[in-house]
Amino acid sequence: QDNSTYGPFEIKIKTALPDLEISDWGVIGQSKSGFAAADSDNTFFVVVTNDGDVDAESVVVEILNASNDVVGTASGIVAKDGGEQSFEIVVDTSPYGIGSQDFTLRINTSGYQVVDDPSDVTFKVNIQREAPDEASNWLGLLVLLMFIGILYMFWKFSSGRSSMPF
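Residues numbered from 1 in each chain as written. Predicted model: local features only at pLDDT ≥ 70, side-chain atom pairs only at ≥ 80, totals over all residues. Heavy atoms only, no water.

Draft legend 1. Quick peek at a nonpolar patch on the surface. Taken together, the side chains of Trp138, Leu141, Leu144, Leu145, Phe147, Ile148 and Leu151 make up a nonpolar region of the molecular surface, amounting to roughly 760 Å² of accessible area. By the element assignment, Leu145 lies in helix α1 (residues 133-158). (Patch = residues over 30% accessible without salt bridge, like charges linked within 9 Å, V, L, I, M, F, W, Y side chains within 5 Å. Areas by Shrake-Rupley, 256 points an atom, 1.4 Å probe, with all protein chains shown as cover. Salt bridge = Lys/Arg side-chain N within 4 Å of Asp/Glu carboxyl O. Helix = DSSP H or I, 4+ residues; strand = E, 2+ residues; numbered from the N terminus.)

Dropping the structure here:
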């Protein structure tokens, strides 16, 4: 060889890709995490973290029921280098009975590349009937009337006895 020609050589180039992960989830507006009101629309939240070197555009988060039917979706952009984005998804709980239901959270990566396919997250939601507001109002009124009655009894039976000898 005359040092003017070289054999082919391979250069490995690492492509910068998003690295997505579901980092938090739950139901908004309930007194306890993991509870949802029956027969109504509930807002679920899903937080997606991107530890990759580039922004993740058009991220689609899906919620699936136990039959693997998609019951809600949301989309958005997740910033790079540990950026977090919270997605809010409205789910109608009327098709589900009272009790514990399994839902699966999934980042739909079809259409773009990521470092690793993100893991699905399964979580339980306890669906319960909402306490009626009228019952709370009546209970408060009942407690108030009982308190006033006890005060009246103390006032009624304590008068006149202070002057009586033992």
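From this point, things continue past the structure.
Draft legend 2. Quick peek at the sheet that holds strand β4 (residues 56-64). The strand order across the open sheet formed by 5 strands is β2-β8-β7-β4-β5, and the pairing between neighbours is mixed. Two strands bound the open sheet, and with one partner strand each, they are β2 (35-37) and β5 (70-78). Recorded for the sheet is a direction-independent mean angle of 30° between the axes of neighbouring strands. Relative to strand β8 (residues 121-128), strand β7 (residues 99-108) is paired through 7 bridges, and the arrangement is antiparallel. Looking at β8, one finds that Gly99 is bridged to Ile127. (Pairing = 2+ DSSP bridges. Axes fitted to C-alpha atoms, helices over the stretch in contact; angles between N-to-C directions.)

Draft legend 3. Main features of the packing of aromatic side chains. Counting across every chain of the model gives 4 aromatic pairs. Relative to Phe123, the ring of Phe44 lies with its centre 6.0 Å away and its plane at 65°, an arrangement referred to as edge-to-face. Residue Phe44 is found in strand β3 (residues 41-50), and its partner Phe123 is found in strand β8; the two are separated by 79 residues along the sequence. Exposure class is identical for Phe44 and Phe123. Each is buried. (Phe/Tyr/Trp six-rings, centres within 6.5 Å; stacked < 30°, edge-to-face > 60°. Buried < 20%, exposed > 50% of the residue type's maximum accessible area, 1.4 Å probe, protein only.)

Read these as spatial facts, not as claims about activity.
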